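# Residue-level structure breakdown
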Amino acid sequence: VDFSPPERRKAVVSTQSTGENEQLQMAEENRRILEFAKQQQTRETNRMALRKAEEAAKDQVRNQLATQLAQQNDDAAELQQIRDELAWEEEEERSRLRELAEQEKRIRTRLELQEVERQQLHIKAAKQQAEKEEDEKFRQEMLAKFANDDKIEQMNAQKRRMKQLEHRRAVEALIDDRRKRFEAEKAAEIQEIEEENERQRIRQKIIEEERQKLLQEHAAKLLGFMPKGVFRDGQDLSLFDEEFRTNFEPREVDYFDERNW
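Residues numbered from 1 in each chain as written. Predicted model: local features only at pLDDT ≥ 70, side-chain atom pairs only at ≥ 80, totals over all residues. Heavy atoms only, no water.

### Quick look at the overall build of the protein
Tallying secondary structure elements over the protein gives four helices and zero strands in all. When the helices and strands of the protein are listed from N to C terminus, the series reads α-α-α-α. Buried residues in the protein amount to 10% of all 261 residues. Long-range pairs, those at least 24 residues apart, make up 52% of the contacts in the protein between residues at least 6 apart in sequence. Within the structure as shown, the protein displays about 22500 Å² of accessible surface, and the carbon and sulfur contribution to it stands at 54%. (Helix = DSSP H or I, 4+ residues; strand = E, 2+ residues; numbered from the N terminus. Buried < 20%, exposed > 50% of the residue type's maximum accessible area, 1.4 Å probe, protein only. Contact = heavy atoms within 4.5 Å. Areas by Shrake-Rupley, 256 points an atom, 1.4 Å probe, with all protein chains shown as cover.)

### Things to note about the nonpolar core
Grouped burial of nonpolar side chains is what soluble globular proteins tend to show. The biggest cluster of nonpolar side chains holds six residues, and these are Phe 138, Met 142, Leu 143, Phe 146, Val 171 and Ile 175. Listing elements by their share of this core, those giving two or more residues are helix H1 (5-150) and helix H2 (157-218). With four residues, H1 is the single largest residue contributor to this core. Setting aside anything within four residues of it in sequence, one finds Val 171 in contact with Arg 139, Met 142, Leu 143 and Phe 146. (Core = buried A, V, L, I, M, F, W, Y, C linked by side-chain atoms within 4.5 Å.)

### Let's talk about a negative patch on the surface
Residues Asp 84, Glu 85, Glu 89, Glu 90 and Glu 92 make up a contiguous surface patch of negative charge. Looking at the secondary structure, you find Glu 92 in helix H1. Judged by its relative accessible area of 41%, Glu 92 is partly exposed. (Patch = residues over 30% accessible without salt bridge, like charges linked within 9 Å, V, L, I, M, F, W, Y side chains within 5 Å. Salt bridge = Lys/Arg side-chain N within 4 Å of Asp/Glu carboxyl O. Lys, Arg positive; Asp, Glu negative; His and termini not counted. Charge placed at Lys NZ, Arg CZ, Asp CG, Glu CD.)

### With respect to the pattern of salt bridges
According to the stated counting rule, one finds 21 salt bridges in the structure shown. Here Arg 139 ties to Glu 136 by a salt bridge, and the two come within 2.5 Å at their closest N and O atoms. With Arg 139 and Glu 136 both in helix H1 and three residues apart, this pair spans about one turn of that helix. What makes Glu 136 partly exposed here is its relative accessible area of 35%. One salt bridge connects Lys 163 with Glu 166, and the closest N-O pair in it is separated by 3.4 Å. Taken together, the positions of Lys 163 and Glu 166, both in helix H2 and three residues apart, correspond to about one turn of that helix. Residue class for Glu 166 comes out partly exposed when judged on its relative accessible area of 41%. Connected through shared salt-bridge partners, Glu 134, Asp 135, Arg 178 and Arg 179 make up one network.

### Focus: the side chain of Asp 135
Mapped onto the elements, Asp 135 comes out in helix H1. Of the polar contacts made by the side chain of Asp 135, one reaches the side chain of Arg 179; its length is 3.0 Å. (Polar contact = N/O pair within 3.5 Å; in protein donor to acceptor, adjacent residues only side chain to side chain.)

### As for the confidence of the model for the protein
Summary statistics for the protein give a mean pLDDT of 81 and a share of 77% for residues scoring 70 or more. Confidence, expressed as mean pLDDT per element, reaches its minimum in the protein at helix H4 (residues 242-251) with 59 and its maximum at H2 with 88. (pLDDT = per-residue confidence, 0-100.)

In structure tokens:
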């Protein structure tokens, strides 16, 4: 294209204007890019700061929770220690009370035995006195009877003294014979009581043997349905094997307990 000078000037001006516009546009675009980058950096900085603050807050919460948990653990340990100490003190107190009760029981038993012994001595002394008085009464009655029978009041003094001496020997023989009969009757009575006790012991032994035999024959069939009290003690359970004893303990039923119905 052939431009005339004025046209060339216009073309040059237009080219320069276009170049300036492009530079302005590029500068504006660069500015916007820098501004966007700055905004992005600011947002990223704010985001990181917020995240850091959130992490710090979480760390603070975690630390608080850890501190609270540690405090709770310490409190629980302290509470358990207090409970253990209280339990130990209570057991010590129960042991002390048991010891006092046993001591009081021993003292009371000793005093009761002393009282029983005192009463037995009193009864024995009273019984001996009564027997002595009864013997004396019998002695005087028999001496009077013999004196009357032999009419000793009609005898002279020497014969009367000899007859009275004879009467006394006879009366003492009667008293001794009566005492021996009484002791023999008492011994026979004691013997009869001992024999009756022995018969009762044998009878109870037979009953107990029959009871244990019935337990051995039927207890296994009634396991789980057996009322409390059928087994008196561990000696009854010792009649059975280990399997029965193991199964019996948790399954024994108390039919008078409403919870078992």
